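One letter stands for each residue in the lines below.
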Amino acid sequence: MGKTAQTFGKISRRSFLGLAGATGVGVALTGCAPASKQEEPAADSLPVTGGDPLDYDTVSWSSCHVNCGSRCPLKAYVKDGQVVRIDIDSDGDDEFGPGKIYQMRSCVRGRTNRQRIYSPDRIQKPLKRVEGTKRGEGKYEEITWDEAIDLIATTMKEIKEEYGNDAFYIQYGTGVLGGTVSKSWHPDQTMFARLMNLWGGYLRQYADYSTGQITWEMPLFNGDAWSNNEVTDLVNSKNIVLFGNNPANTRMSGSAMQYLLTQVRLQNPEATIVVVDPHLSDTAVGVANRWMRTVRLGGGCSTRRR
């Protein structure tokens, strides 16, 4: 007999799972506030009440690997080898402060991982464009993994012979950041980068990406680009300046910058948060004391303060 967890409304478990499988509605509802209790749930049940029970066999910890880099912990409720629900980190005392472990609750994007896993658009087998069709027509045929590997290897050899290793470029920003096989950061530390080093080298982005600025400019401020205090120490800052940084849209989860800035506003209301951005971003509206809009004038820049 499987364990049970409460789900939403008064639809049957069969109906709910069917609807969730078709539309991902189960994931979309994960972040909703629970309804008022009608009866005391079992100790091992999911703390969401109302409706018929949602069966599950095991609960496994995972994490979100989308490209924001926050890596929020996720709970995966599994039934018969299939994820039936994604839940957030709701364990622990949720204490915010040095040495404490506060609950790093994922954003909606992280809670849709079940929808990503079972998306009908997810490519799970090698596909080759049908011979004679043009790129963009969307006509593909399935091939075996051996055929795919042979085709890639042959193409790589031809490119290297004609153009050299400068023709091989590794693009960061695959949409998956912290995985094992699929990870894309750091670009030089991925398994594909190792393969390309053995192959003779490759190219990647330089200078115009955000980490280019971090690498070269941060040492001028604190001597190192990647070392700093514990993140909870941000609440002790007197001045925080965000240059074109909009974490309310890009890093809004419980383990990311927007949550930390919210804690600054709550615990240190005297702190000054300045957003320098040509757009009146959600971050500027939500947590900043001052928005400074940069306007390009000819060959230079002027700054308008709002």
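Scoring rules and cut-offs
Residues numbered from 1 in each chain as written. Predicted model: local features only at pLDDT ≥ 70, side-chain atom pairs only at ≥ 80, totals over all residues. Heavy atoms only, no water. Helix = DSSP H or I, 4+ residues; strand = E, 2+ residues; numbered from the N terminus. Buried < 20%, exposed > 50% of the residue type's maximum accessible area, 1.4 Å probe, protein only. Contact = heavy atoms within 4.5 Å. Areas by Shrake-Rupley, 256 points an atom, 1.4 Å probe, with all protein chains shown as cover. Phe/Tyr/Trp six-rings, centres within 6.5 Å; stacked < 30°, edge-to-face > 60°. Lys NZ or Arg CZ within 6 Å of the ring centre and 35° of its normal. Pairing = 2+ DSSP bridges. Axes fitted to C-alpha atoms, helices over the stretch in contact; angles between N-to-C directions. Patch = residues over 30% accessible without salt bridge, like charges linked within 9 Å, V, L, I, M, F, W, Y side chains within 5 Å. Salt bridge = Lys/Arg side-chain N within 4 Å of Asp/Glu carboxyl O. Lys, Arg positive; Asp, Glu negative; His and termini not counted. Charge placed at Lys NZ, Arg CZ, Asp CG, Glu CD.

## Things to note about the overall build of the chain
Within the chain, the regular secondary structure consists of 10 helices and 13 strands. Within the span of the chain, comprising 306 residues, buried residues form 33% of the whole. Taking all contacts inside the chain whose residues are at least 6 apart in sequence as the whole, residues at least 24 apart take part in 51%. Element-wise, carbon and sulfur atoms account for 52% of the exposed surface of the chain, whose accessible area totals about 19,900 Å².

## With respect to the environment of V235
Among the secondary structure elements, V235 is positioned in the loop between α7 (210-222) and β10 (239-243). When neighbours within four sequence positions are excluded, V235 is seen to be in contact with F96, Q263, V264, Q267 and N268.

## Looking at the packing of aromatic side chains
Enumeration over the complete set of coordinates arrives at five aromatic pairs. Taken together, F96, Y102 and Y259 form an aromatic cluster joined through their ring pairs. Its guanidinium or amino end placed over the ring of W199, K160 lies 4.3 Å from that ring's centre, counting from NZ or CZ.

## Remarks on the side chain of S70
Tracing the backbone shows S70 in the loop between β3 (58-63) and β4 (73-79). Looking at S70, the relative accessible area reads 15%, which means it is buried.

## What to know about the pairing of β4
Of all seven residues making up β4, seven are buried, and the element is well covered by its neighbours. Of the two faces of β4, the one lined by P73, K75, Y77 and K79 and the one lined by L74, A76 and V78 are each fully buried. Here β3 runs beside β4; their pairing, made up of six bridges, is antiparallel. Each bridged residue has a counterpart across the sheet, and for W61 the counterpart in β4 is K75. Counted along the chain from β4 to the antiparallel partner strand β5 (residues 82-87), the turn is two residues long, and its residue D80 has a positive phi close to 55°.

## Details of the sheet that holds β3
Note on sheets: strands pair through backbone hydrogen bonds, and any given pair is parallel or antiparallel. In spatial order, the strands read β3-β4-β5; together these three strands make up an open sheet with antiparallel pairing. Only two strands of the sheet have a single partner each, and these edge strands are β3 and β5. In this sheet, neighbouring strand axes are inclined to one another by 35° on average, regardless of whether the strands run parallel or antiparallel. Here β4 runs beside β5; their pairing, made up of five bridges, is antiparallel. Residue K75 lies in a different strand from β5, and its bridge partner there is D87.

## Quick look at a nonpolar patch on the surface
Where nonpolar side chains cluster on the molecular surface, the patch consists of I123, L127 and Y140 and spans about 340 Å² of accessible area. Relative to the elements of secondary structure, Y140 occurs in strand β7 (residues 140-142).

## Observations concerning a negative patch on the surface
A contiguous patch of negative charge on the surface is contributed by E131, E141, D146, E147 and D150. The element best represented in the negative patch is helix α5 (residues 145-163), accounting for three residues. Note on placement: D150 falls in helix α5.

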